[in-house]
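Inside the fold
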Amino acid sequence: MKILPRHYIRYKGVNSFFMGLTVGAIFTIYAVLDPSIFSLGGIVLAVGMLVVARYYEKILNLRTFFKISLFVELVMLVLVVWYLAMPYGFATALFVYAGYQLTFMFGSYLVRAETLFLNRRQILSWLDMAKQAGYLAGMLVSWLFYKLLVWIWEIEEHARQVYYLHWLLLFTEIAIIWLLLRSFQAKKRSSDVAVFATSSRKR
């Protein structure tokens, strides 16, 4: 398996756009949660990151990097669909918070892996610029989206605004997963290449 830098940079740009979109939404979603939950969640997150770091020697390879990246994006997709399908309340807020904490456990690992597998300074520079540009664009679009809901449709209730934003998040996350799949390419096995070459000669 190999990573395709150009596609990966696009993937991370749209991924950061998604995160920019969610900046205002999470404060509304988490409003019903008790402050003690955030303390407990922080402890669980720290322990989880320690466990992930403990196994760097085994999981810092390209194939595992792809699987964990895909796992994280699939978790985000489930969270978005869940929020759209289930009524908003304590249970939904807790589920979304737990899901985000689960993905954050792999945050340091993903950054380390990016640096390891995209180990050219120019590529890392483009990657970080794409992340920042995507994040800024996401915050700008979310601000405009909220304003349009008020100005055009007169939707001022925060919970409803966040609900409608999640439709935009849904399509964005689907695009993210598609870009992620295009960012990695499986190498052809030597046996497959040999069979192809033999069949070509017979023709």
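This section reports on the structure supplied with the text.

What counts, and where the lines are drawn
- Residues numbered from 1 in each chain as written.
- Predicted model: local features only at pLDDT ≥ 70, side-chain atom pairs only at ≥ 80, totals over all residues.
- Heavy atoms only, no water.
- Helix = DSSP H or I, 4+ residues; strand = E, 2+ residues; numbered from the N terminus.
- Buried < 20%, exposed > 50% of the residue type's maximum accessible area, 1.4 Å probe, protein only.
- Contact = heavy atoms within 4.5 Å.
- Areas by Shrake-Rupley, 256 points an atom, 1.4 Å probe, with all protein chains shown as cover.
- Lys, Arg positive; Asp, Glu negative; His and termini not counted.
- Charge placed at Lys NZ, Arg CZ, Asp CG, Glu CD.
- Salt bridge = Lys/Arg side-chain N within 4 Å of Asp/Glu carboxyl O.
- Core = buried A, V, L, I, M, F, W, Y, C linked by side-chain atoms within 4.5 Å.
- Expected span 1.5 Å × (residues − 1).
- Bend = angle between axes of the 7 residues up to and from the residue.
- Axes fitted to C-alpha atoms, helices over the stretch in contact; angles between N-to-C directions.
- Parallel < 35°, antiparallel > 145°, perpendicular 65-115°, else oblique.
- Left-handed = near helix turned anticlockwise from the far one by under 90°.
- Nonpolar A, V, L, I, M, F, W, Y, C, P; charged D, E, K, R; others polar.
- Patch = residues over 30% accessible without salt bridge, like charges linked within 9 Å, V, L, I, M, F, W, Y side chains within 5 Å.
- Phe/Tyr/Trp six-rings, centres within 6.5 Å; stacked < 30°, edge-to-face > 60°.
- Lys NZ or Arg CZ within 6 Å of the ring centre and 35° of its normal.

Helices and strands together make up the secondary structure of the protein chain, namely nine helices and two strands. Overall, the protein chain shows an N-to-C arrangement of helices and strands of β-α-α-α-α-α-α-α-α-β-α. Taking the principal axes of the C-alpha coordinates as reference, the protein chain spans close to 70 × 40 × 35 Å. Considering the protein chain as a whole, with its 203 residues, one finds that 39% of them fall into the buried category. Pairs at least 24 apart in sequence give 85% of the contacts found in the protein chain among residues at least 6 apart. Total accessible area on the protein chain stands at roughly 12300 Å², and carbon and sulfur atoms take up 67% of it. Looking at the protein chain, you have 21 positive and 10 negative side-chain charges, and the mean spots of the two groups are 20 Å apart.

The subject of this paragraph is the pattern of salt bridges. Across all of its chains, the model carries two salt bridges by this definition. Between K12 and E114 there is a salt bridge, and its shortest N-O distance comes to 3.3 Å. Taken together, the residues span a long stretch of sequence, with K12 in helix α1 (residues 5-29) and E114 in helix α6 (residues 107-117) at a distance of 102 residues. The partner of E114 in a salt bridge is K131, and the shortest N-O contact between them spans 2.8 Å. Taken as a pair, E114 in helix α6 and K131 in helix α7 (residues 121-151) lie far apart in primary sequence, 17 residues in all.

Right, let's talk about the side chain of S142 for a bit. By the element assignment, S142 lies in helix α7. Owing to a relative accessible area of 6%, S142 belongs among the buried residues under this scheme. Residue contacts for S142: discarding those within four places in its chain leaves G20 and L21.

Ranked by internal contacts, the top residues of the largest apolar core, which has 53 residues, are Y8, F65, Y109 and F184. Broken down by secondary-structure element, the contributors of at least two residues to this core are α1, α2 (35-54), α3 (56-59), α4 (62-85), α5 (90-104), α6, α7 and α8 (158-183). Per-element accounting of this core gives the leading share, twelve residues, to α4.

Between its terminal C-alpha atoms α1 stretches 35 Å, which fits the 36 Å expected from 25 residues at 1.5 Å a residue. The axis of α1 is deflected most strongly, by about 45 degrees, at V23.

This part is about the packing of α4 against α6. The geometry of α4 relative to α6 is characterised by a closest axis approach of 11 Å and an angle of 140 degrees between their N-to-C directions. Taken together, the axes of α4 and α6 lie oblique to each other. When you trace α4 past α6, the crossing you get is left-handed. Across the interface between the two elements, L62, T64, F65, I68, S69 and V72 from α4 touch Y109, L110, A113, E114 and F117 from α6. Of the residues belonging to the contact of α4 with α6, the class tally is eight nonpolar, two polar and one charged.

Another point: the environment of V150. Counting through the fold element by element, V150 comes out in helix α7. Taking the C-alpha atoms as reference, V150 lies 32 Å from M129; in sequence the two are 21 residues apart. Those residues in contact with V150, other than ones at most four positions away along the chain, are I155, E156 and Q161.

Looking now at a nonpolar patch on the surface. The grouping of L140, W143, L144, L148, W151, I152 and W153 at the surface amounts to a nonpolar patch, some 810 Å² of accessible area in total. Note on placement: I152 falls in the loop between α7 and α8.

In this section: the packing of aromatic side chains. Enumeration according to the criterion identifies 18 aromatic pairs in this entry. Between F38 and Y97, the aromatic rings sit 5.2 Å apart at their centres with planes inclined by 85 degrees, giving edge-to-face as the arrangement. With F38 in helix α2 and Y97 in helix α5, the pair connects residues that are 59 residues apart, well separated along the chain. The exposure class of F38 is partly exposed, given its relative accessible area of 31%. Seen from their ring centres, F65 and Y109 are 6.5 Å apart, and the 65 degrees between their planes marks the pair as edge-to-face. Of this pair, F65 sits in helix α4 while Y109 sits in helix α6, placing them 44 residues apart in sequence. F65 sits in the buried class, given a relative accessible area of 0%. Through pairs of rings, three or more aromatic residues link up here, namely Y8, Y11, Y56, F65, F66, Y109, F117 and F184. We note R54 situated over the ring of Y55; from NZ or CZ to the ring centre the distance is 5.6 Å.

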